[in-house]
Amino acid sequence: MSNLKAIILAAGKGTRMKSELPKVLHKIYDRCAIDYVCDACEGAGIDNINIIVGHKAEQIVEHVKKRNENIKFCYQEQQLGTGHAVMQAKNNINDDDIVLVINGDQPLISSKTIKSMISFCKQGNYGGVVLSGIVDFPGSLGRVIRDDNGNLNRIVEKKDCNEDEEKIKEVNIGVYCFKGKLLKESFDKLDDNNAQNEYYITDIPMHIKNAGYSFGVCAIADMSEFQGINSREELSLATCTLLNKTRKLHMANGVTLIDPANTYISIDAKIGRDTIIYPGTNIQGETEIGQNCIIGPNSHIISSKIGNNVTIETSKVTESTIGDYCKIGPFAHIRPNCNISKKCKVGSFAETKNITLGENSKVPHLIYAGDSDIGKNVEIACGVITANMNINWEKNKTVIEDGAFIGCNSTLLAPVKIGKDAIVGAGSVITEDVPQNALGIARQKQVVKENYKKN
Ligand code: UD1
Ligand code: CA
C-alpha cells in the first residue's frame, strides 16, 4: 500500500492543558498520546507518516525519533489553524496518494477504524471521507451536516454555527482521508474568513465537493475511541477508557484482577492465565508475566519478564528478568538489568541492581546486591552489602560462586570473589578473595573484660 500516507497534526499550543509540555507528549498511562496515534497509523499499514509540529517542536521530534526514526516532520511556524497545519505537508503529498489526516490529540482511534475508513473511501470512490460520531453534548465540536444522499454537505465549527446547526449531534471526530490531488488543490482555496480567523481543515471537504466530487461520512463503530485530550479532565477520561479496555482484555484472557479499577496495565503488557493481580499494582511497558503468578498488592513492574508461578508482593521490578517459582518481596526493589533464575527469593528490603542470581539462591532480607554474579544455591544472610563503588566512583564486580554462604551483616568490598561452597563469617568486611570451601572471616576478635561494671 505504497500510496497510503498519514499526516498527524501536532503543532497546536494545547492552551487548555495549561502545561509547559506539548499536548501530544502528555501521557495516557505509560506512553505519550502521540505514540498511540503513530501506532494506530502503523497498525493500519501506513509506513509513510508525517507529523506537523510547531509549538515546542524539538521536544516532539526528539521523542518520536526514539520510537521510529523513519517518521518525517513538517514545521508549521505559526499556528494559523488545522487547515494551515496540513498545508505544511504539501510537498510530501503525491497526486495518487490516499492521505489520512488525524488530529494528534485523538489517541484512542484504533488501526481498525483507520483501515475501515480508508476502505470506505476507496469503495465509495469519494474525494475524501470524514469520521463522525453521535454525541449527546456536542459542545465545541464541529457539526457534521449531511446531504440528502447521506454524504457530507459540510462541517460547521461550533463558533460558526447558527441555532439549528448547533443542535446537530453528529460531530467531526478529527480524522479524515483525502485523495492526494484533491487535497493539494484545495489548499489555494482555503481562507480564514470565519469566527476564529483560522484556516480550518474542516473547510477542505467543501472545496473538494465544489470541484465535483462527493465526500463521504464514515460513522465510527466504537464511540469509546472518540476521546480527545483538550484538557486535563479529558486526558483522565482517555486514560480511564484505555485502562478499562486493557483490564477487560486481560480478564477475558483468564487473568484475575481483584479490583480492576485499582489495577493499571499497559497496553503493551502480556499476562498469562490464572495469574492473580491484587490492587494497587502498576504493570508498565512491554512487560511479560507468566501463568499462575500472584502479583501485588502494590507492586510496580516496568518492562520486565516474569516467569510462571512467581509471587511479587509490594515490590518494584524494573527492566529485569525473573524465573519461574521465584518469591519477590514484600518490599523488594529489583533495579535494572537483574537476571534472577528460577526458585530464588529476593525478600524484604533487598535491593538488587545489575546482578545475575543463580537457581535457588536467596537474598532474603536487608541486602544490597549490585554489579554481582551470584551462583546457584547461594544463601546471603541478613544485612549483607556488596560495596560496588570505590572512592573514584568506579563500579566493581562481586562474584559469589555456587553454594557459598555469606554471614549476616558482612560487606563484600568489590572487586572480590567468594569461591564455591565458601563461607563468610558474620560481620566480616571482606577485601580479599575467599577460595573454594574456605571460611573467610574479617572482624576483630571479641574481648571480654570480666567484672567490668563496678557496683
Ligand atoms: C478540531 C476540529 C473540530 C473537531 C475536533 C475533534 C477544526 C477547525 N476543528 O477542533 O471540527 O470536532 O477537532 O477533536 O479542525 N493543530 C495544529 N496547528 C494549528 C492548530 C491545531 O497542528 O494551527 C493541531 C493540534 O495540535 C491538534 C489538532 O490540530 O492536535 C486539533 O486542533 P484543536 O485546536 O484541538 O482542534 P479542536 O478545537 O479540537
Ligand atoms: Ca482537539
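Sequence order sets the numbering: in each chain, residues are counted from 1 along the sequence as written. The order in which chains are written sets their letters, starting at A; the order in which ligands are written sets their numbers, starting at 1. In view of the model being predicted, local features appear only for residues whose pLDDT reaches at least 70, and side-chain atom pairs are presented and counted only at 80 or more, with totals across whole chains, interfaces and linings using the full set of residues. Only hydrogens and water are set aside; all other atoms, that is, all heavy atoms of the structure, feed into the side-chain values.

**What to know about the pattern of salt bridges**
Formally: Here, a salt bridge means any side-chain nitrogen of Lys or Arg that lies within 4 Å of a carboxyl oxygen of Asp or Glu. Only DSSP runs of H or I with at least four residues qualify as helices, and only runs of E with at least two residues qualify as strands; both kinds are numbered from the N terminus onward. Exposure categories follow from relative accessible area, calculated using a 1.4 Å probe and restricted to protein chains: below 20% of the type maximum is buried, above 50% is exposed, and the middle band is partly exposed.
Overall, the coordinates contain 20 salt bridges when judged by the stated rule. With a shortest N-O distance of 2.9 Å, K23 and D105 are connected by a salt bridge. Residue K23 is located in the loop between β1 (4-10) and β2 (27-28), and its partner D105 is located in the loop between β6 (98-103) and α4 (111-123); the two are separated by 82 residues in the primary sequence. Grouping residues by exposure puts K23 and D105 together as buried. Between D371 and K353 there is a salt bridge whose closest N-O contact spans 3.1 Å.

**Considerations on the pairing of strand β28 (residues 362-374)**
Short version of the rule: Any two strands are treated as partners once DSSP identifies two or more bridges connecting them.
Judged from the 10 bridges that link them, strand β27 (residues 345-357) and β28 form a sheet pairing that is parallel. Within the sheet, the bridge partner assigned to V346 lies in β28 and is V363. Where β28 and strand β31 (residues 398-400) come together, 3 bridges link them in parallel fashion. Its bridge partner being in β31, S372 is matched across the sheet by T398.

**Looking at the domain arrangement of the protein**
Rule in force here: For each domain, the first and last residues come from an automatic or database assignment. In this description, contact between two residues means that some pair of their heavy atoms is separated by no more than 4.5 Å. Each of two parts loses accessible area, computed with a 1.4 Å probe, when they are put together; buried area is these two losses added. Here a polar contact means two N or O atoms within 3.5 Å. Within protein one must be a hydrogen donor candidate and the other an acceptor candidate, and residues neighboring in sequence count only if both atoms are side-chain atoms.
When its domains are assigned, the protein resolves into domain 1 (4-226) and domain 2 (232-440). Facing the 14 residues of domain 1 at the interface are 17 residues of domain 2. The junction of domain 1 with domain 2 conceals about 1300 Å² of combined surface from both sides, 61% of it contributed by carbon and sulfur atoms. One can count 2 salt bridges joining domain 1 with domain 2. Across the pair K245 and D222 runs a salt bridge whose closest N-O atoms are separated by 3.5 Å. Our count for the contact surface shared by domain 1 and domain 2 stands at 9 residue pairs in polar contact (both at pLDDT 80 or more).

**Section: the nonpolar core**
Just so we agree on the cut-off: Among buried residues, the Ala, Val, Leu, Ile, Met, Phe, Trp, Tyr and Cys ones that are joined through side-chain atoms within 4.5 Å form a nonpolar core.
Formed by 44 residues in total, the largest nonpolar core has its most connected members in I312, I322, I340, I400 and I418. Looking at this core, the elements that each hand over two or more residues are β27, β28 and β34 (416-418). When sequence neighbours within four positions are dropped, the list of residues in contact with I400 reads D373, I374, G375, V378, I380, I406, L412 and I418. By size, the runner-up hydrophobic cluster in this structure holds 42 residues, among which are V24, A57, V171 and I173.

**With respect to the coordination of the calcium ion (ligand 2)**
For the record, the criterion: The donor set comprises N, O and S atoms within 2.8 Å of the metal, extended to 3.2 Å for Na, K and Ca; water molecules are omitted, so apparent gaps in a site may simply reflect that omission.
In the first shell of the calcium ion (ligand 2), the protein supplies D105 (OD) and N230 (OD1), at 2.3 to 2.4 Å from the metal. Within this pair, whereas D105 is found in the loop between β6 and α4, its partner N230 is found in the loop between β11 (215-219) and α8 (232-252), the two being separated by 125 residues in sequence. Of the two residues, D105 and N230, neither departs from the other in class, the shared state being buried.

**Side note on the layout of surface pockets**
For clarity, the cut-off: Detection works on a 1 Å grid of protein atoms alone, calling trapped sets that fit a 1.4 Å probe cavities and calling open sets with protein on both sides within 12 Å along at least five of seven lines pockets, with lining residues defined by an atom within 4 Å of a point. Grid points are joined across faces, edges and corners, and a volume is the space filled by probe spheres set on the points. Ten residues, namely Ala, Val, Leu, Ile, Met, Phe, Trp, Tyr, Cys and Pro, are considered nonpolar, four, namely Asp, Glu, Lys and Arg, are considered charged, and the remaining ones, Gly among them, are considered polar.
Taken as a whole, the largest pocket encloses approximately 1500 Å³ of empty space. Taken together, 49 residues line the largest pocket, and the ones lying closest to its centre are R16, K23, N103, D105 and N230. Within the residue set of the lining of the largest pocket, elements represented by two or more residues are β1, α3 (82-87), β10 (170-179) and α8. Among the residues forming the lining of the largest pocket, the class breakdown is 17 nonpolar, 23 polar and 9 charged. In this structure, the lining of the largest pocket is formed jointly by two domains, domain 1 (4-226) and domain 2 (232-440), each of which donates at least three residues. Estimates place the volume of the second largest pocket at around 440 Å³. Breaking the lining of the second largest pocket down by element, the ones donating at least two residues are α1 (33-43), α8 and β14 (270-271). In the lining of the second largest pocket, the residues fall into 10 nonpolar, 6 polar and 4 charged.

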